[in-house]
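Close look at the chain arrangement
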Amino acid sequence: MAAALLASHAATGMQAIRADAAATRPTMKKLIAILALGIAALGHSGAALAQDSAAPAAAAAAAVAPAAAEAAAPAASAAAATPKPDKGDVAWMLLATLLVIMMTVPGLALFYGGLVRSKNMLSVLMQVLVTFSLIVVLWCLYGYSLAFTEGNASIGAFIGGFDRMFMKGLFDPASGSFAMAATFSKGVVIPELLFAAFQATFAGITCCLIVGAFAERIKFSAVLLFSALWFTFSYAPIAHMVWFWMGPDAYTGPEVVDGLNAKAGWLWQMGALDFAGGTVVHINAAVAGLVGAFMIGKRIGYGREAMAPNNLPFTMVGASLLWVGWFGFNAGSALEAGNSAVLAFMNTFSATAAAVLAWSMGEALMRGKASMLGAASGAVAGLVAITPAAGNVGLMGAIVIGFVAGFACLWGVHGLKRLLGADDSLDVFGVHGVGGIVGALLTGVFNNQALGGPGLVTDWVTAATGSNDVAAQVWVQLKAVGVTVGWSAVVALLAFKFVDLTIGLRVSEEDERQGLDISTHGETAYSK
């Protein structure tokens, strides 16, 4: 069953078939008490079986020999039929996991840290680093199980079960064996522990993205408690709804298709395409960030005082690390070192470059000058938009998506931001929300084989591929976007309200003016 517990990063696979110094101490103690979880040690004791001495040795040998001969053939056949992971696939997925970690720490941390004022630089670095660490631990305890196992029959389309709590069953220390997880090709597997590690990085960076929306005024303890709540009740369910299915090897004949489909996530059953997280990661995080920006309120002096970035070179370095790391994010979502990974890799490359050009052009037309910050933001916009489409669209479709996202996200951080009236500090919704929506919808367009896309798997029994009508697929994509927006908004609203009522959301005015580096962490980023 372990091989059937994989999520589908893309319902396609056609190419592959393919998280105040003194004043905050009490709240931190409360937070630690809330988040502390006890882990029971699980062990297996082996029993030694005593063997009786055979009466006459010759008779024993004669009795055992025929049985051994009969068992040999089926045992050899079973061993041959059991898929084993390819070392190339394992090496690639290990590298992809490392690349996504690099995206977050230090990539996202430096990108965000350079954008805030110098008095808040370390606070953002801390929020990213510690949130990521928190979510990785929660993922190992229960998050992976909720996202990527089969759930109860009544709610299994929305959330998984508890089969993998505390990573149970992924590794057997007694035998030294590892559970295997399916990919998108029949008979091709990777260690499930590796898949769980890869997915942990997605959960971690998603929660870290949110902190940019309310940077420079939220309590550190509030960030952590909110992240734990939102991860549990929004990230895990959305990941399950979009990516969980029973795996290609389970589809052995037409008679099992309906039953297997019914066990998959709700949005997977709809046919939503999300190769690497347009809905699960970017739209999900962006909506939560926007809700937080509204509920926490604007920064003191917002709109009246200069709030220029403190270190644009850091932001440039961060954007560059994000771009490099994103190849692991997108191409790694193919789960194999094959054709689908190559397509996702190239599309991530070209779409991002197109978005940089589009943002720079748009900025030059608007302001008469193209800025480095704009180019870096354009790169992130392109990366966000191509995420759901990476292995789901063709080469020219990816470039179109990048260009559209560059212009759309430029409007998102200027025009849309003014319309919304929220102090989204680092434009999380303008880039990740708008870019994620653009990418998700255009995936429905450019997936079509007539427009150069790879199409999608229409029959997992035979691995046959085809294309849906463009309008029909875009409608499915729009429904997936709507579900993600609504779900994330409700969970974020309730989670922020709970945090506000328990430990409070915002630092004092005095602490905010002093800067969170000193008031919350007792240190500064730069010596004077």
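Above this note sits the structure.
Residues numbered from 1 in each chain as written. Predicted model: local features only at pLDDT ≥ 70, side-chain atom pairs only at ≥ 80, totals over all residues. Heavy atoms only, no water.

1. Quick word on the overall build of the chain
Counting its secondary structure elements, the chain contains 17 helices and 6 strands. Taken as a whole, the chain presents about 20,900 Å² of accessible surface, with 67% of it coming from carbon and sulfur. (Helix = DSSP H or I, 4+ residues; strand = E, 2+ residues; numbered from the N terminus. Areas by Shrake-Rupley, 256 points an atom, 1.4 Å probe, with all protein chains shown as cover.)

2. Describing the nonpolar core
Counting 139 residues, the largest nonpolar core has Y112, W139 and Y235 as the members making the most contacts within it. Sorting elements by how many residues they give to this core places helix α6 (residues 220–243) first, with 16 residues. Excluding its chain neighbours within four sequence positions, the residues that come into contact with Y112 are V124, V128, C208, L209, V211, G212, L426, V428 and H432. (Core = buried A, V, L, I, M, F, W, Y, C linked by side-chain atoms within 4.5 Å. Buried < 20%, exposed > 50% of the residue type's maximum accessible area, 1.4 Å probe, protein only. Contact = heavy atoms within 4.5 Å.)

3. Observations regarding the pattern of salt bridges
Applying the stated criterion to the full structure yields 10 salt bridges. Put simply, R299 and D423 hold a salt bridge, and the shortest N to O gap is 2.8 Å. Separated by 124 residues along the polypeptide, R299 in the loop between α9 (278–296) and α10 (312–331) and D423 in the loop between α13 (395–420) and α14 (428–446) bring together distant segments of the chain. Each member of the pair R299 and D423 is classed as buried. Look at the salt bridges and you will find they share partners, linking R117, E216, R217, R299 and D423 into a network. (Salt bridge = Lys/Arg side-chain N within 4 Å of Asp/Glu carboxyl O.)

4. Description of the packing of aromatic side chains
Throughout the structure, instances matching the rule amount to 26 aromatic pairs. Measuring from ring centre to ring centre gives 5.7 Å for F214 and F496, while their planes differ by 85°; the resulting arrangement is edge-to-face. Of the two residues, F214 sits in the loop between α5 (192–210) and α6 while F496 sits in helix α15 (residues 470–502), which places them 282 residues apart along the sequence. Of the two residues examined, F214 and F496, each falls in the buried class. (Phe/Tyr/Trp six-rings, centres within 6.5 Å; stacked < 30°, edge-to-face > 60°.)

5. With respect to unusual backbone geometry
Put simply, V105 and P106 share a cis peptide bond, and its omega is 20°. A positive phi angle, near 65°, is found at A463, a position not held by glycine. Counting through the fold element by element, A463 comes out in the loop between β5 (456–459) and β6 (464–466).

6. Topic: the packing of α6 against α15
Contact geometry for α6 and α15: axes closest at 9 Å, N-to-C directions at 155°. Judged by the inter-axis angle, α6 sits roughly antiparallel to α15. Relative to α15, the crossing made by α6 is right-handed. Contacts from A222, L225, F226, L229, W230, F233, S234, P237, I238 and M241 of α6 reach α15 at T484, W487, S488, V491, A492, A495, F496, F498, V499 and T502. (Axes fitted to C-alpha atoms, helices over the stretch in contact; angles between N-to-C directions. Parallel < 35°, antiparallel > 145°, perpendicular 65-115°, else oblique. Left-handed = near helix turned anticlockwise from the far one by under 90°.)

7. So, helix α3 (residues 87–115)
Helix length check: α3, at 29 residues, gives a terminal C-alpha distance of 41 Å against a target of 42 Å (1.5 Å per residue), a fit within 8%. Roughly 35° is the biggest bend found in α3, and it falls at G107. Of the residues that open α3, the one with a side-chain oxygen 2.8 Å from the backbone nitrogen of G88 is D86. (Expected span 1.5 Å × (residues − 1). Bend = angle between axes of the 7 residues up to and from the residue. Polar contact = N/O pair within 3.5 Å; in protein donor to acceptor, adjacent residues only side chain to side chain.)

8. Re the environment of F132
With respect to the element layout, F132 can be found in helix α4 (residues 121–148). Linking F132 and G204, residues 72 residues apart in sequence, is a C-alpha distance of 4.6 Å.

9. Digging into the state of the cysteines
Going through the model one piece at a time under the given rule, you end up with 0 disulfides. There is no disulfide at C208, and the cysteine sulfur nearest it, in C207, is 7.0 Å away. (Disulfide = S-S within 2.5 Å.)

10. So, a nonpolar patch on the surface
A cluster of nonpolar residues, F345, M346, F349, L395 and M396, forms a patch on the protein surface that exposes about 500 Å² of accessible area. Of all the elements in the fold, those that place two or more residues in the nonpolar patch are α11 (339–367) and α13. Here the nonpolar patch takes 3 residues from α11, the largest share from any one element. Structurally, the position occupied by M396 is in helix α13. (Patch = residues over 30% accessible without salt bridge, like charges linked within 9 Å, V, L, I, M, F, W, Y side chains within 5 Å.)

11. Comments concerning the side chain of E216
Its place among the elements puts E216 in the loop between α5 and α6. On the accessibility criterion, E216 (2% relative accessible area) is buried. Of note is the side chain of E216, whose polar atom sits 2.9 Å from the backbone nitrogen of R117. Of note is the side chain of E216, whose polar atom sits 2.6 Å from the side chain of R299. Dropping the residues within four chain positions of it, E216 is found in contact with V116, R117, N120, R299, E512 and L516.

12. Side note on the packing of α11 against α13
Any two packed helices are characterised by how steeply their axes cross, that is the angle between the axes, and by the distance between the axes. Closest axis-to-axis distance for the α11/α13 pair is 7 Å, and the angle between their directions is 40°. The angle between α11 and α13 falls in the class oblique. The handedness of the crossing between α11 and α13 comes out as right-handed. For the contact of α11 with α13, the class distribution of residues is 18 nonpolar, 6 polar and 1 charged. (Nonpolar A, V, L, I, M, F, W, Y, C, P; charged D, E, K, R; others polar.)

13. Here we look at the pairing of β5
Summarising the sheet, β5 and β6 pair through 3 bridges and their orientation is antiparallel. What sits directly across from V457, in β6, is T465. Hairpin connection of β5 to β6: 4 residues between the antiparallel strands, including A463 at a positive phi of 65°. (Pairing = 2+ DSSP bridges.)

14. A word on the environment of L95
Along the chain, L95 falls in helix α3. Taking relative accessible area as the criterion, L95 reaches 43% and is therefore assigned partly exposed. Expressed as a C-alpha distance, the spacing of L95 and G328, which sit 233 residues apart in the sequence, is 7.2 Å.

15. Quick word on α13
With 26 residues, α13 should cover 38 Å at 1.5 Å per step; its first-to-last C-alpha distance of 35 Å lies within 8% of that length. Of all the bends in α13, the greatest, near 45°, is centred on G412. In the segment just after α13, G421 is the residue with positive phi, at about 75°.

Any link to function would need more than the numbers given here.
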